[in-house]
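Below, each chain spelled out in residue letters.
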Amino acid sequence: MRILVVEDEKRLAANLRTGLEAEGFAVDVAHDGGEGLWYARENAYDAILLDIMLPVMNGYKVCETLRAEENWTPILMLTAKDGDWDQVEALDTGADDYVTKPFSFVVLLARLRSLLRRGVTERPTVLSVGDLSLDPASKTVTRAGAEVSLTSREFSLLEFLMRRDGTVVTKADIIENVWDYAYEGDPNIVEVYIGRLRRKIDKPFGRDDIQTLRGSGYRLGGAPGASGA
């Protein structure tokens, strides 16, 4: 297993290298964001330990750049910033997990092993289906380059459909994930919101992407011939 450590505190970086190598990992170390980005682009790693407060380029930008380039290597953020919004920003820019300094090496090692068990899977920070894009972090939706205004519930419904692009989801699936499992209102609310989405993201653009499969459920995209009614 090959690990990249991007950390500007040289003593900490050296200690991480020593500890990880003792656990059987091969370790490369970079001391600034620019160097770390170069290493990540030029070599294949099983995981990256990435500090946030780095010279040249901060960890948020390194992570965001790698994800934009479709590099899905698992990233564990190392940060001395433990505020809620710092943690949110780390995850929203594409990090898989984070630990705050000072941290226990055994805890960091457990987090790292957890990431390695998951492996490398595609985790785009912006969802795209054709010319339709949804950014969960900024809560924005665009179609063919034009921004589309959605309510929070419409946004949640669209995000659910986009994350299951091409997969049929039932009305019960939607209620459980977009409302909640304890929802006791009229299940036909789903049809109401599907209709609202069609009027906002399909009809103005001459599309028919939100499909109704009678007796089964709904699908965004997928095979032609399904009903858009």
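This is a predicted model, so every value here is computed, not measured.

Cut-offs used in this document
- Counting restarts for each chain: residues are numbered from 1 in the order of the written sequence.
- For a predicted model such as this one, the threshold for reporting local features is a pLDDT of at least 70, and the threshold for listing and counting side-chain atom pairs is 80 or more; totals across whole chains, interfaces and linings nevertheless cover every residue.
- Just so you know, side-chain values use all the structure's heavy atoms and leave hydrogens and water out.
- Secondary structure follows DSSP: runs of H or I at least 4 residues long count as helices, runs of E at least 2 residues long count as strands, and numbering of each begins at the N terminus.
- We call a residue buried when its accessible area falls under 20% of the maximum for its residue type, exposed when it is over 50%, and partly exposed in between, using a 1.4 Å probe and counting protein chains only.
- For accessible areas, the Shrake-Rupley method is used with a probe of radius 1.4 Å. Any residue's cover is judged against the shown protein chains and nothing else.
- Strand pairing requires that DSSP identify at least two bridges connecting the strands.
- Lines fitted to C-alpha atoms define the axes here, with helix axes fitted over just the stretch in contact, and angles between the N-to-C directions of these axes take values from 0 to 180 degrees.
- Note on contacts: a residue pair is in contact if any heavy atoms of the two residues lie within 4.5 Å.
- The definition of a nonpolar core used throughout is a set of buried Ala, Val, Leu, Ile, Met, Phe, Trp, Tyr and Cys residues joined through side-chain atoms within 4.5 Å.
- Pairs were defined over the aromatic rings of Phe, Tyr and Trp, the Trp ring being its six-membered one, requiring ring centres within 6.5 Å. Orientation was assigned from the angle between planes: stacked under 30 degrees, edge-to-face over 60, tilted for the rest.
- Comment: the charge-over-ring label is applied if NZ (Lys) or CZ (Arg) is within 6 Å of the ring centre and within 35 degrees of the ring normal.

> So what's going on with the overall build of the chain? Residues and values would help.
When you go through the chain residue by residue, the secondary structure sums to eight helices and 11 strands. Out of the 229 residues belonging to the chain, those deemed buried represent 42%. Looking at the chain as shown, the accessible area adds up to about 11800 Å², and 48% of this sits on carbon and sulfur atoms.

> Can you break down the sheet that holds strand 2 (residues 26-30) residue by residue, with the values?
Across a sheet, paired strands are connected by hydrogen bonds in the backbone, their directions being either parallel or antiparallel. Strand order in the open sheet formed by five strands is 2-1-3-4-5, and the pairing between neighbours is parallel. Across the chains shown, the open sheet's two edge strands, defined by having one partner strand only, are strand 2 and strand 5 (97-100). Each adjacent strand pair in this sheet contributes to an overall mean axis angle of 20°, direction not counted. The pairing of strand 1 (residues 2-6) with strand 3 (residues 47-51) spans four bridges and is parallel. Within strand 3, the residue paired with Leu-4 across the bridge is Ile-48. Along the sheet, helix 1 (residues 10-22) contacts strand 1, strand 2, strand 3 and strand 4 (75-79); its crossing angle with strand 2, the most-contacted strand, is approximately 170°. Packing of helix 3 (residues 59-68) onto the sheet brings it into contact with strand 3 and strand 4, and relative to strand 4 it is tilted by some 170°.

> Describe the nonpolar core, with residues and values.
Ranked by size, the top nonpolar core spans 26 residues in total, and within it Val-141, Leu-150, Leu-157, Leu-158, Met-162 and Ile-174 carry the most contacts. Elements that contribute at least two residues to this core include exactly strand 6 (127-129), strand 7 (132-135), helix 6 (152-163), helix 7 (171-179), helix 8 (189-202) and strand 11 (217-220). Sort the elements by how many residues they give to this core and helix 6 lands first, with six residues. Ignoring sequence-local partners within four residues, the contact set of Ile-174 consists of Leu-157, Phe-160, Val-169, Trp-179, Val-190 and Tyr-218. Counting residues in hydrophobic clusters, the runner-up holds 19 residues, among them Ile-3, Ala-47, Leu-49 and Leu-112.

> I'd love a proper account of the sheet that holds strand 7, names of residues and values included.
With respect to topology, four strands assemble into an open sheet ordered 6-7-8-9, the strand pairing being antiparallel. Taken across any chain shown, the strands that pair with only one partner, and hence form the sheet edges, are strand 6 and strand 9 (146-148). Between one strand axis and the next, the sheet turns by 25° as a mean value, whatever way the strands run. Bridging between strand 7 and strand 8 (residues 140-143) involves four bridges; their strand directions are antiparallel. Of the residues in strand 8, the one forming a bridge with Leu-132 is Arg-143. Across the sheet, helix 6 is in contact with strand 6, strand 7 and strand 8; its angle to strand 7 comes to roughly 115°.

> Kindly report on the packing of aromatic side chains, identifying the contributing residues and their values.
For the structure shown, the criterion picks out one aromatic pair. Relative to Tyr-39, the ring of Trp-38 lies with its centre 5.4 Å away and its plane at 80°, an arrangement referred to as edge-to-face. Sitting over the ring of Tyr-193, Arg-196 keeps its end group 4.5 Å from the ring centre.

In short, the description is geometric, and any link to function would need to be established separately.
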